[in-house]
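The lines below spell out each chain.
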Amino acid sequence: MPLGQALFDAIQPRRDALLSSLRSLVEHESPSLDKPALDGLAHTIGKRFEALGGRVDLIANEIGGLHVRARFGPETGEKPALVIGHYDTVWPMGTLAMMPFRVEGNVAFGPGIFDMKASLTLIEAALEAIRSLGLSHPRPLVVLFTSDEEIGSLRSRKLIESEALASAFTLVVEPPLSNGGLKTARKGNGMFNLSLEGRASHAGVEPEKGRNAIVELAHQILAIQAIARPEVGTTLNVGVIAGGSASNVVPAHASAEIDARIISASEATRVDAEMRALRPITPDIQLTLTGGFNRPPMERTPAVIGLYERVKAIGATLGLDLTEGSTGGASDGNFTAALGIPTIDGLGCPGADAHGVNEHILVDGLLERAALMAALLLGL
Ligand SMILES: [Zn+2]
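Everything quoted here is computed from the prediction, not taken from an experiment. (Residues numbered from 1 in each chain as written. Predicted model: local features only at pLDDT ≥ 70, side-chain atom pairs only at ≥ 80, totals over all residues. Heavy atoms only, no water.)

**As for the overall build of the protein**
Quick reminder of the rule: Each helix is a run of DSSP H or I of at least 4 residues and each strand a run of E of at least 2, with the numbering of both proceeding from the N terminus. The contact criterion used is simple: two residues touch if any of their non-hydrogen atoms lie within 4.5 Å. Calculation of accessible area relied on Shrake-Rupley with a 1.4 Å probe; when residues are assessed, cover is drawn exclusively from the protein chains displayed. In summary, the charge assignment counts Lys and Arg as positive and Asp and Glu as negative, without counting His or the chain termini. A single reference atom marks each charge: NZ on Lys, CZ on Arg, CG on Asp, CD on Glu.
Along its length, the protein carries 11 helices and 18 strands. Across its three principal axes, the protein shows a C-alpha extent of roughly 90 × 45 × 35 Å. Of all intrachain contacts in the protein linking residues separated by at least 6 positions in sequence, the fraction that spans at least 24 positions is 78%. Summed over its atoms, the accessible surface of the protein is roughly 15,900 Å², and 56% of this surface lies on carbon and sulfur atoms. Computing the positive centroid from 33 side-chain charges and the negative centroid from 43, the protein places the two 3 Å apart.

**A closer look at the sheet that holds strand S6 (residues 141-146)**
To keep it simple, the criterion reads: Two strands pair under a simple rule: DSSP has to find at least two bridges between them.
Taken together, the six strands give an open sheet; going across it, the order is S1-S2-S6-S3-S7-S16, and neighbouring strands pair in mixed fashion. Because the sheet does not close on itself, it has two edges, and the strands there are strand S1 (55-59) and strand S16 (343-344).

**Description of the coordination of the zinc ion**
Going by this rule: Donor atoms are limited to N, O and S found within 2.8 Å of the metal ion, a distance that becomes 3.2 Å for Na, K and Ca. With water left out, some sites might look partial. Each label reflects the angles at the metal, where four donors whose angles all fall between 85 and 135 degrees are tetrahedral, four or six donors whose opposite pairs open beyond 155 degrees and whose other angles stay between 65 and 115 are square planar or octahedral respectively, and the rest are irregular. Buried, partly exposed and exposed residues are distinguished by accessible area as a fraction of the type maximum, computed with a 1.4 Å probe on protein chains only: under 20%, between the cut-offs, and over 50%, respectively.
The zinc ion binds to the protein through His86 (NE2), Asp115 (OD), Glu174 (OE) and Glu174 (OE), with metal-donor distances spanning 1.9 to 2.6 Å. Geometry at the zinc ion is irregular, judged from its four donor atoms and the angles of 53 to 148° they form at the metal. Each donor residue of the zinc ion lies on the same chain, and together they follow the pattern H-x28-D-x58-E. Here Asp115, found in helix H5 (residues 113-132), pairs with Glu174, found in the loop between strand S7 (169-172) and strand S8 (182-186); they are 59 residues apart in sequence, far enough to count as distant. This pair shows no difference in class: Asp115 is buried, exactly as Glu174 is.

**Side note on empty space enclosed by the protein**
As a reminder of what qualifies: A 1.4 Å probe that fits into a set of points on a 1 Å grid over the protein atoms alone but cannot get out defines a cavity; an open set with protein on both sides within 12 Å along at least five of seven lines defines a pocket, and lining residues are those with an atom within 4 Å of a point. Grid points are joined across faces, edges and corners, and a volume is the space filled by probe spheres set on the points. In this classification, the charged set is Asp, Glu, Lys and Arg, the nonpolar set is Ala, Val, Leu, Ile, Met, Phe, Trp, Tyr, Cys and Pro, and all remaining amino acids, among them Gly, are polar.
Evaluated as defined, the whole model comprises three cavities of 30 Å³ or more. The space that makes up the largest cavity amounts to roughly 60 Å³. Lining the largest cavity are Leu25, Ile45, Arg48, Phe49, Leu52, Leu120 and Glu124. For the lining of the largest cavity, the secondary structure elements donating two or more residues are helix H3 (35-51) and H5. When residues in the lining of the largest cavity are grouped by element, the largest group, three residues, is from H3. By residue class, the composition of the lining of the largest cavity is five nonpolar, no polar and two charged.

**A short note on H3**
Heads up, the condition is: To estimate how far a helix should extend, the number of its residues minus one is multiplied by 1.5 Å.
Here H3 contains 17 residues, and its C-alpha end-to-end distance of 24 Å stays within 8% of the 24 Å for a straight helix at 1.5 Å per residue. Restricting attention to buried positions, one finds in H3 the residues Ala37, Leu38, Asp39, Leu41, Ala42, Ile45, Gly46, Arg48 and Phe49. Tucked into the core, H3 has its buried residues touching helix H2 (15-27), S1, strand S2 (67-72), H5 and S6.

**Observations concerning the side chain of Asp88**
Note the cut-off: For this analysis, a salt bridge means a side-chain nitrogen from Lys or Arg found within 4 Å of a carboxyl oxygen belonging to Asp or Glu. Distance and chemistry together define a polar contact, namely a pair of N or O atoms within 3.5 Å, with one atom able to donate a hydrogen and the other to accept it when in protein, and with adjacent residues in sequence counting only for side-chain atoms on both sides.
Relative to the helices and strands, Asp88 resides in the loop between strand S3 (81-86) and helix H4 (95-98). Look at Asp88: it is buried, it has no salt bridge, and the nearest opposite charge is Arg295 at 8.0 Å. Among the polar contacts made by the side chain of Asp88, one reaches the side chain of Ser32 at a distance of 2.7 Å. Within the structure, Asp88 has its side chain in polar contact with the backbone nitrogen of Glu150 (distance 3.0 Å).

**Notes on the environment of Thr343**
Here Thr343 shows up in strand S16. Expressed as a C-alpha distance, the spacing of Thr343 and Leu82, which sit 261 residues apart in the sequence, is 9.5 Å. Apart from residues no more than four positions distant in its own chain, Thr343 is found in contact with Thr170, Val172, Met298, Val304, Leu307, Gly333, Thr336 and Ala337. From its side chain, Thr343 meets the backbone nitrogen of Ala337 in a polar contact 3.4 Å long. Polar side-chain contacts of Thr343 include one of 2.7 Å to the backbone oxygen of Ile341.

**Things to note about a nonpolar patch on the surface**
So the rule is basically this: Candidate patch residues must exceed 30% relative accessible area and have no salt bridge, after which like charges are joined if within 9 Å and Val, Leu, Ile, Met, Phe, Trp or Tyr side chains if within 5 Å.
Where nonpolar side chains cluster on the molecular surface, the patch consists of Leu3, Leu133 and Leu135 and spans about 210 Å² of accessible area. In this structure, Leu3 sits in helix H1 (residues 3-11). Since its relative accessible area comes to 38%, Leu3 is described here as partly exposed.

**Topic: the layout of surface pockets**
Note the cut-off: Domain borders in the structure are assigned automatically or taken from a domain database.
Estimated volume of the largest pocket: approximately 340 Å³. What lines the largest pocket is a set of 20 residues, among which Glu149, Arg186, Gly329, Ala330 and His355 lie closest to the centre. For the lining of the largest pocket, the class distribution of residues is five nonpolar, seven polar and eight charged. Three or more residues apiece are contributed to the lining of the largest pocket by two domains, here domain 1 (3-186 + 297-379) and domain 2 (188-295). There is about 180 Å³ of room inside the second largest pocket. Lining the second largest pocket we find Leu52, Gly53, Phe72, Gly73, Pro74, Leu127, Ile130, Arg131, Leu135, Ser136 and His137.

Below, the structure is given as structure tokens:
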């Protein structure tokens, strides 16, 4: 029997068991900033990986949740495959009461199900299928699930990068594109804060003594927008502004928060330099810029394309016609790809409405992507 069919045959009968496993993950809420909730779920995930034969480390994180790392297969000295995901969600504690886990036909709903608790179930199903067929993956496998992806991965970045550098390649189980496509390019992102300090004065009595920080900010906003180059994918969004105290006071303070997205490292360097070169037009006003680029872009390099072509070929043996695409959103795949490690993202479960009230996955898609993951672990 062809391997693909054998994998499907091993996974399909587990449908109900996998859904109940997924249900318990969704029903254990895990907002990125709730350490007790995160740590509790990390222990649960660790126990599941141990039951699948993994050697599990729960990696300490004083501020946020524990990160879960599981190693599978013999320590052959060969570079491992790295699979990365995150178990935190954007949903605050208590969301479950309004958005309970439920299955309607082929669709399963719940907070964090698509982004990305179904990915844990997908890996569980893939490893179970490999075991039940008496097979073993040819190289060691490291599965890493972190606790802070939704808030920028500040506490997991070093860990992700060190595991990626030790790996042969990295598979990221973030949700796929809306058409099911894999992600071979992602924009990098930055977050800046511009603070302006002018001088207050009475707007009626002595306006000439004031230095209007809001008027200066208006100039700066236009200067910031002029840094964008949408034709090469570079966008800047002045998303939040603040300033002033009363209409009869020349405002001394104003500030802006800016989101920047780029598709190449050279554009990150240019944008960063131009942001830092902003100068006040009004005399006697101080500008202070903080922040910078957080995730580098995931570029569609030859290493990424080479891995994508092998993934696509393995998918074809399962009867899957895998496609690729890019997205403006960033993930932890940005970190691994920027290190030159062959990286494919979007290997999670098909579904829709990540971070939205109709967040859901397709159950058939979960089974299909579990078979694909098993075939990738066996074949790459
Ligand atoms: Zn995610």
